Amino acid sequence: MATRQNSNRTTPPPSGMAVGITVSAAVILILAGILHAMQGIVGLANNEFYVTTQNWIFKFDSTTWGWVHILVGLVAIGTGVGLFYGAVWARTLGVIVAAVSIFANFVWLPYYPIWAVLIIAFDFFVIWALTAHG
């Protein structure tokens, strides 16, 4: 069975740099998801582990934060795996998950400020990698 190719429409293969950056974003997204889930499990297991450093507007129970981090983490892990398979939905969901993670970690700043800023930086890289190198 012969396949017919339209000679007017050829798409070049993705560049090695674009593939490498996307794979890096997938790895970072999976690692961030695992760390989110671990952070959530700690919040559920030990309610007194996380203590706010200042009196901020956004106050949530440690159990609530635990579930938020677990859910964001599981979605991030699934999305990162989808990126390895080259799924278009994973690119879109990856940007959304990273944006939600940025928001969650911004609100999480009073609990673990340095960690939250580090994860926010990783999330910005993921958004850049998935939007700039499609």
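Residues numbered from 1 in each chain as written. Predicted model: local features only at pLDDT ≥ 70, side-chain atom pairs only at ≥ 80, totals over all residues. Heavy atoms only, no water.

A.B. asks: An account of the overall build of the protein chain is needed here, citing residue identities and associated values.
C.D. replies: Counting its secondary structure elements, the protein chain contains four helices and zero strands. The contacts of the protein chain with a sequence gap of at least 6 include a subset with a gap of at least 24, amounting to 72%. (Helix = DSSP H or I, 4+ residues; strand = E, 2+ residues; numbered from the N terminus. Contact = heavy atoms within 4.5 Å.)

A.B. asks: Could you give an account of the side chain of Thr 79, with specific residues and numbers?
C.D. replies: Assignment of secondary structure puts Thr 79 in helix α2 (residues 62–84). Of the residues examined, Thr 79 reaches a relative accessible area of 1% and is grouped as buried. At a separation of 2.7 Å, a polar atom in the side chain of Thr 79 contacts the main-chain carbonyl oxygen of Val 75. Once residues within four sequence positions are removed from consideration, Thr 79 is found in contact with Leu 29, Ala 90, Leu 93, Gly 94 and Val 97. (Buried < 20%, exposed > 50% of the residue type's maximum accessible area, 1.4 Å probe, protein only. Polar contact = N/O pair within 3.5 Å; in protein donor to acceptor, adjacent residues only side chain to side chain.)

A.B. asks: Report on a nonpolar patch on the surface, specifying residues and quantitative values.
C.D. replies: Judged by side-chain polarity, Val 19, Val 23, Val 27, Leu 31, Ile 34, Met 38, Val 81, Phe 84 and Tyr 85 come together as a nonpolar surface patch covering roughly 830 Å² of accessible area. Contributions of two or more residues to the nonpolar patch are made by α1 (16–45) and α2. Along the chain, the position of Val 81 falls in helix α2. Of the residues examined, Val 81 reaches a relative accessible area of 37% and is grouped as partly exposed. (Patch = residues over 30% accessible without salt bridge, like charges linked within 9 Å, V, L, I, M, F, W, Y side chains within 5 Å. Areas by Shrake-Rupley, 256 points an atom, 1.4 Å probe, with all protein chains shown as cover. Salt bridge = Lys/Arg side-chain N within 4 Å of Asp/Glu carboxyl O.)

A.B. asks: So, the environment of His 69: which residues are in play, and what are the values?
C.D. replies: Locating His 69 in the fold gives a position in helix α2. Assessed through its relative accessible area of 0%, His 69 is described here as buried. Separated by 32 residues in the primary sequence, His 69 and Ser 101 have C-alpha atoms spaced 8.6 Å apart. Those residues in contact with His 69 that lie beyond four places of it in its chain are His 36, Ala 37, Gln 39, Gly 40, Asn 105 and Trp 108.

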